[in-house]
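Structural features, examined
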Amino acid sequence: MSACERAVLCFILLFGLNQPLPYVTAGKILIWPGEFSHWLNVRVIIEELVARGHSVTIITHSATPSVKTEQSPGYNVEIVPVPHTKQDVIDNMDRFMKYWIYDLQNDNMVQSFLKLRDILDLTAKQNHALCRGLFAREGLLEKWRKEPFDVLLTDPTNMCGELLALKLNLPFIISLRFSFGSALERLCGQLPTPPSHVPAIGLGYTNPMDFPQRVKNMLFNLFQDCLFTFLTMTKWDPLYTELMGK
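Residues numbered from 1 in each chain as written. Predicted model: local features only at pLDDT ≥ 70, side-chain atom pairs only at ≥ 80, totals over all residues. Heavy atoms only, no water.

- Per UniProt, the chain has the following entry under Sequence similarities (unreviewed entry): "Belongs to the UDP-glycosyltransferase family." (UniProt positions renumbered as here; feature names shortened; annotations may be inferred.)

Digging into the packing of aromatic side chains
- The tally for this structure, following the rule as stated, stands at three aromatic pairs.
- Relative to F223, the ring of F220 lies with its centre 6.4 Å away and its plane at 45°, an arrangement referred to as tilted. Separated by three residues within a single helix, F220 and F223 lie in helix 8 (residues 211–244), roughly one turn from each other. Across this residue pair, the class does not change: F220 and F223 are buried.
- Ring-pair connections join several aromatic residues into one group, and the members of that group are F96, W100, F220 and F223. (Phe/Tyr/Trp six-rings, centres within 6.5 Å; stacked < 30°, edge-to-face > 60°. Helix = DSSP H or I, 4+ residues; strand = E, 2+ residues; numbered from the N terminus. Buried < 20%, exposed > 50% of the residue type's maximum accessible area, 1.4 Å probe, protein only.)

Observations regarding the sheet that holds strand 5 (residues 172–174)
- The parallel open sheet is built from five strands, whose spatial order is 3-2-1-4-5. Looking along the sheet, the strands with just one partner apiece sit at the ends: strand 3 (75–80) and strand 5. Pairs of neighbouring strands in the sheet enclose a mean axial angle of 20°, with direction left out of account.
- In this sheet, strand 4 (residues 151–154) lies alongside strand 1 (residues 28–32) in parallel orientation, the contact comprising four bridges. Residue I31 lies in a different strand from strand 4, and its bridge partner there is L153.
- Where helix 5 (residues 138–146) meets the sheet, it contacts strand 1, strand 2 (55–61) and strand 3, and its direction lies at approximately 155° from that of strand 3. (Pairing = 2+ DSSP bridges. Axes fitted to C-alpha atoms, helices over the stretch in contact; angles between N-to-C directions. Contact = heavy atoms within 4.5 Å.)

Quick word on the packing of helix 6 (residues 161–168) against helix 8
- Two elements in contact, helix 6 and helix 8, have axes separated by 12 Å at closest approach and are oriented at 15°. By the angle between their directions, the pair helix 6 and helix 8 is classed as roughly parallel. Where helix 6 crosses over helix 8, the handedness of that crossing is right-handed. For the pair helix 6 and helix 8, contact is made by E162, L163, L166 and K167 and by Y240, L243 and M244, respectively.
- Considering only residue class, the contact of helix 6 with helix 8 consists of five nonpolar, no polar and two charged. (Parallel < 35°, antiparallel > 145°, perpendicular 65-115°, else oblique. Left-handed = near helix turned anticlockwise from the far one by under 90°. Nonpolar A, V, L, I, M, F, W, Y, C, P; charged D, E, K, R; others polar.)

A few points about the state of the cysteines
- Throughout the structure, instances matching the rule amount to one disulfide.
- At a sulfur-sulfur separation of 2.3 Å, the disulfide partner of C131 is C160. Linking C131 and C160, the disulfide has an S-S dihedral of approximately 115° and is accordingly described as right-handed. On the criterion of sequence distance, the pair formed by C131 in helix 4 (residues 109–135) and C160 in the loop between strand 4 and helix 6 is long-range, its members being 29 residues apart. Of the two residues examined, C131 and C160, each falls in the buried class. (Disulfide = S-S within 2.5 Å.)

A closer look at the layout of surface pockets
- If you add up the space inside the largest pocket, you get close to 1200 Å³.
- H38, M93, L120, T123 and T157 are the residues nearest the centre of the largest pocket, which is lined by 40 residues in total.
- Residue assignment for the lining of the largest pocket shows that the elements contributing at least two residues are helix 2 (37–51), strand 2, helix 3 (86–103), helix 4, helix 7 (183–187) and helix 8.
- Here the element with the most residues in the lining of the largest pocket is helix 4; it accounts for eight residues.
- Here the lining of the largest pocket is composed, by residue class, of 23 nonpolar, 15 polar and two charged.
- Here the lining of the largest pocket gathers at least three residues from each of two domains, domain 1 (24–83 + 126–177) and domain 2 (178–245). (1 Å grid on protein atoms, 1.4 Å probe; cavity = no way out; pocket = protein on both sides within 12 Å on 5 of 7 lines; lining within 4 Å. Points joined across faces, edges and corners; volume = space filled by probe spheres on them. Domains from an automatic or database assignment.)

Focus: helix 2
- Its 15 residues give helix 2 an end-to-end C-alpha distance of 22 Å, which sits within 8% of 21 Å, the value for a rise of 1.5 Å per residue.
- Helix geometry: helix 2 is bent most strongly at R43, by close to 25°.
- Turning to helix 2, its buried residues number three or more, namely H38, W39, V42, I46 and L49.
- Of the surrounding secondary structure, the elements contacted by the buried residues of helix 2 are strand 1, strand 2, strand 3 and strand 4.
- Phi turns positive one or two residues past the end of helix 2, at G53, with a value near 95°. (Expected span 1.5 Å × (residues − 1). Bend = angle between axes of the 7 residues up to and from the residue.)

Structure (structure tokens):
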């Protein structure tokens, strides 16, 4: 390298060092978290966002058993009144967990479908109340439309998150701990999970599976698909049509 070339290279390096460093401004984020372990999953994200100077607004309801509702700098909360109580939410979750841990393995597919349907029907009813309560508050929605939110972070265990993003014209990010049988991940997120190789969440199997386990794994995924499709068609399609007006 000649002396002239070295001089040019040094000039370019010095010129680059003299430029102001790029910076990132803090943003405003709307967050609709889930409950229980789903809240714990997203709480870590929220704490880090606040620590980095971002402003977060949390959407929750008056019966929440887990979401932090105390306001603090950078942490704002909007509470939607619902007709059920905190104890109602806890009791339904206790009923679900007790059945899933202790009784599910003793029931056949039809029995488990019917019992899980009853539990999920109540969950859907509570979730319906939250969705209707939120979208009935036109003043709050208009206020959020005027605020410079950058993104909506939502958990699909709380339905209507993507509907809120649509109404506010916001991009949205899904934060999902897991769904049983990976039904949400497979049917909505197109996650490749061949049942002969990937153990379904909820069965407790590990890879590799033997042949009977693979058969049960396939049937379990099919069962979760049917349950998810049934709930979507009977519970959520009519509500989305009602809230969207079309």
